Amino acid sequence: MEDIVSLCKRRGFIFPGSDVYGGMAGTWDYGPLGVTLKRKIKQAWWDYFVENRDDIYGIDAAIIMNPRTWVASGHAATFSDPLVECKECHQRFRADKIADVSEKVTPDEFRAAHVKCPNCGKENWDDVKQFNMMFTTHVGSVEDDSSKAYLRPETAQGIFTNYKNVVDTIYPDLPFGLAQQGKAFRNEISPRDFVFRSREFEQMEIEYFVDPTTWEENFEKLHKACYDFLENKMGLPSSMIHDLEVAPEDRAHYSKRTIDVEFDYPIGREELMGIAYRTDFDLGNIQRESGKNMEYRDKNTGETFVPHVIEPSFGVERLVMAVLTSAYTEDDVNGEKRIVLKLPENLAPYRFCVSPLLKNKPELVAKAKEVYKKLREKYTNVTWDDSGNIGKRYRKQDEIGTPKCIVIDFDTLEDNTVTVRDRDTTGQVRVDINML
Ligand code: GAP
């Protein structure tokens, strides 16, 4: 994990948030390479689930929503983690992360676990309390209870609250899905493990509306689609992805079935994404809270009912971390350690790196610029590198995952061929410029 974090900082993928002021716990900033990787992941998801399907449509809702949203969704009452404070050193912890207890642990259960404070080693705890994780803010110029609002803790509710708008404007046939990507905010008690548990992160969620009698088959189809996406679009090895059927007592308040799809991260096997059967919990609650009818009318039978929902929910940061984890390798080239990010070609921040063998030979630089321009006309994400010697350039491009390096040398001036060097094998071939 430390190697990946260090590579991310050294090469401009991900920096600690507000680094210059000593940081801001639970926040991370993406640098030039990280933002490209993240955008490619998000675009691949959007292409796979929205653009290339006929039954899922995109939306983009506001982050700050009417606070009634969070009453109806149950977040105001139940979106909390168990918090304990050590009476000796006053450090606060998430109870279920320091003791073998569930998220819904009672004070008696926690006491019975006899856990010592990870900070001071004493066993003198205050009672466990449930700590609501939503960030609050105030809307408008008056700061009182009437102006209180929340930063959304999930993108899902922006979809549910627009369900009726979409049905009444584009008349989709059931089953259909609505997809959204965007920021979510959770005041995590202990943000940790790099971007894995952040306070500000991005989600990519689909709410798939179905006839209640068909939820099981739709759950299976979406589960399969998620695996196809993870393995074939994100390049994650199937051996590192695992299903966890979440036990009823551990499921979120809205779910009748949840599968957590876990990944073998360097920190251990942890949740990458989840697929939940949310029943008609959300639309039913919105109907009650707003007084608006959320029923769907079947165009053929005329039957009306509140649709049920299957929700595949991805966290972008956890996907970024999974992609980096499975891509990170170290090998040995001529007795020297080589770090290589074996990113799939569709995700690598740069596709090609073009460079002249020597920076101080104007004829090589001019020819290399010509090749660079030619590739640029056809492709995005081509980079130029003439720093250091060629060995150092290869090491750098290997570390940032550039699949191919193209080098212009003196032979190029004679026969119009260049060296194309492969990141994974380090093998080199001569290729005619016109064949690039
Ligand atoms: N709408 C359902 C929902 O939000 P969740 O399991 O709480 O369910 C879904 O979150 C996904 O969001 C998780 O599987 C994970 O990928 C990501 N996620 C949740 N909390 C996160 C955090 N603090 N930091 C980074 N990603 C997080």
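Calculation rules
Residues numbered from 1 in each chain as written. Predicted model: local features only at pLDDT ≥ 70, side-chain atom pairs only at ≥ 80, totals over all residues. Heavy atoms only, no water. Helix = DSSP H or I, 4+ residues; strand = E, 2+ residues; numbered from the N terminus. Buried < 20%, exposed > 50% of the residue type's maximum accessible area, 1.4 Å probe, protein only. Contact = heavy atoms within 4.5 Å. Areas by Shrake-Rupley, 256 points an atom, 1.4 Å probe, with all protein chains shown as cover. Expected span 1.5 Å × (residues − 1). Arc of directions from axis to C-beta. Pairing = 2+ DSSP bridges. Axes fitted to C-alpha atoms, helices over the stretch in contact; angles between N-to-C directions. Parallel < 35°, antiparallel > 145°, perpendicular 65-115°, else oblique. Nonpolar A, V, L, I, M, F, W, Y, C, P; charged D, E, K, R; others polar. Polar contact = N/O pair within 3.5 Å; in protein donor to acceptor, adjacent residues only side chain to side chain. Phe/Tyr/Trp six-rings, centres within 6.5 Å; stacked < 30°, edge-to-face > 60°. Lys NZ or Arg CZ within 6 Å of the ring centre and 35° of its normal. Core = buried A, V, L, I, M, F, W, Y, C linked by side-chain atoms within 4.5 Å. Domains from an automatic or database assignment. Buried area = accessible area lost by both parts, 1.4 Å probe. Salt bridge = Lys/Arg side-chain N within 4 Å of Asp/Glu carboxyl O. Near = heavy atom within 4 Å.

Of the regular secondary structure elements, the chain holds 14 helices and 23 strands. Taking all 436 residues of the chain together, the buried fraction comes to 49%. Contacts spanning at least 24 positions in sequence make up 64% of the contacts within the chain whose residues lie at least 6 apart. When the accessible surface of the chain is split by element, carbon and sulfur atoms take 48% of a total near 21100 Å².

Turning next to the environment of Ser-326. Take Ser-326: it is sitting in helix H11 (residues 316-327). Spatially, the C-alpha atoms of Ser-326 and Lys-342 are 8.0 Å apart, while their sequence positions differ by 16 residues. With residues up to four places along the chain from it excluded, the contact list for Ser-326 reads Gly-235, Leu-236, Pro-237, Met-240 and Phe-263.

What follows concerns helix H12 (residues 362-378). Between its terminal C-alpha atoms H12 stretches 25 Å, which fits the 24 Å expected from 17 residues at 1.5 Å a residue. Among all positions in H12, only Leu-364, Val-365, Lys-367, Ala-368, Val-371 and Leu-375 are buried. One face of H12 carries all of its buried residues, which in axial projection span an arc of 165°. Residues of H12 that are exposed and point over 90 degrees away from its buried face: Pro-362, Lys-373 and Glu-377. For H12, the secondary structure elements touched by its buried residues are strand S19 (352-356), strand S20 (382-384), strand S21 (404-408) and helix H14 (410-415).

Think of a sheet as strands paired side by side through backbone hydrogen bonds, with each pair either parallel or antiparallel. Taken together, 3 strands build an open sheet; the order of strands is S5-S4-S6 and the sheet is antiparallel. Of all strands in the sheet, those bounded by a partner on one side alone are strand S5 (92-94) and strand S6 (129-132). Looking at each pair of strands side by side, their axes are set apart by 45° on average, direction ignored. With 3 bridges joining them, strand S4 (residues 80-85) and S5 adopt antiparallel strand pairing. Opposite Val-84, over in S5, you have Phe-93 as the bridge partner.

What follows concerns the packing of helix H2 (residues 32-51) against H11. For the pair H2 and H11, interaxial distance at closest approach is 10 Å and the crossing angle is 110°. As summarised for this structure, H2 and H11 are arranged roughly perpendicular, according to the angle between their axes. In contact with Leu-37, Lys-38, Ile-41 and Lys-42 of H2, H11 contributes Val-316, Glu-317, Leu-319, Val-320, Val-323 and Leu-324. Grouping the constituent residues of the contact of H2 with H11 by class yields 7 nonpolar, no polar and 3 charged.

Attention shifts here to the side chain of Thr-419. For Thr-419, the position within the fold is in strand S22 (residues 417-422). With relative accessibility at 9%, the residue Thr-419 sits in the buried group. Separated by 2.8 Å, the side chains of Thr-419 and Arg-430 make a polar contact. In contact with Thr-419, not counting residues within four places along its chain, are Cys-405, Ile-406, Val-407, Asp-409, Gln-428, Val-429 and Arg-430.

A few words on the packing of aromatic side chains. This model, assessed by the stated rule, comprises 23 aromatic pairs. Measuring from ring centre to ring centre gives 5.5 Å for Phe-110 and Trp-125, while their planes differ by 80°; the resulting arrangement is edge-to-face. Taken together, the residues span a long stretch of sequence, with Phe-110 in helix H6 (residues 107-112) and Trp-125 in the loop between H6 and S6 at a distance of 15 residues. Per residue, the accessibility class of Phe-110 equals that of Trp-125, and both read buried. Plain terms: the ring middles of Trp-215 and Tyr-277 are 3.8 Å apart, the flat faces sit at 5° to each other, and that makes the pair stacked. With a gap of 62 residues between them, Trp-215 in helix H9 (residues 215-233) and Tyr-277 in strand S13 (residues 268-279) connect regions that are remote in the sequence. With a relative accessible area of 5%, Tyr-277 lands in the buried category. Among the aromatic side chains, those forming a connected cluster through ring pairs are Trp-45, Trp-46, Tyr-48, Phe-49, Phe-229 and Phe-314. Above the face of the Phe-196 ring, Arg-318 is positioned so that its terminal group lies 3.8 Å from the ring centre. Here the guanidinium or amino end of Lys-369 rests over the ring plane of Trp-384, the centre of that ring lying 4.6 Å away.

Moving on, we come to the nonpolar core. Counting 61 residues, the largest nonpolar core has Phe-229, Leu-230, Leu-236, Phe-314 and Leu-319 as its most contacted members. Sort the elements by how many residues they give to this core and H2 lands first, with 9 residues. For Leu-319, the contacting residues outside a window of four places in its chain are Ile-41, Met-204, Phe-229, Leu-230, Met-234, Leu-236, Leu-272 and Phe-314. Ile-59, Ala-156, Leu-178 and Met-294 belong to the second largest nonpolar core, which has 18 residues in total.

With that out of the way, let us pick up the domain arrangement of the chain. Assigned domains of the chain: these are domain 1 (2-66 + 153-324) and domain 2 (350-435). The gap between the C-alpha centroids of domain 1 and domain 2 is 39 Å. With 7 residues of domain 1 at the interface, the matching set in domain 2 holds 5 residues. Ranking the residues of domain 1 by area buried against domain 2 places Arg-11, Leu-33 and Lys-40 at the top, with a combined share of 66%. The interface formed by domain 1 and domain 2 holds 2 salt bridges in total. With a shortest N-O distance of 2.9 Å, Arg-10 and Glu-399 are connected by a salt bridge. Taken together, domain 1 and domain 2 are joined by 3 residue pairs in polar contact (both at pLDDT 80 or more). Of all elements in the fold, only helix H1 (2-10) and H2 reach the threshold of two or more residues within the side of domain 1 that touches domain 2.

What follows is about the site of the ligand. With respect to spatial proximity, 21 residues lie near the ligand, and among them Glu-154, Arg-186, Ser-198, Glu-205 and Glu-271 are the closest. Measuring from an oxygen atom of the ligand, one finds a side-chain N or O atom of Arg-186 at 2.8 Å. Between a nitrogen atom of the ligand and a main-chain N or O atom of Phe-196, the distance comes to 3.2 Å. Listing elements by their share of the shell around the ligand, those giving two or more residues are strand S10 (200-210), S13 and strand S16 (308-315). The biggest single contributor to the shell around the ligand is S13, with 5 residues. Considering only residue class, the shell around the ligand consists of 7 nonpolar, 5 polar and 9 charged.

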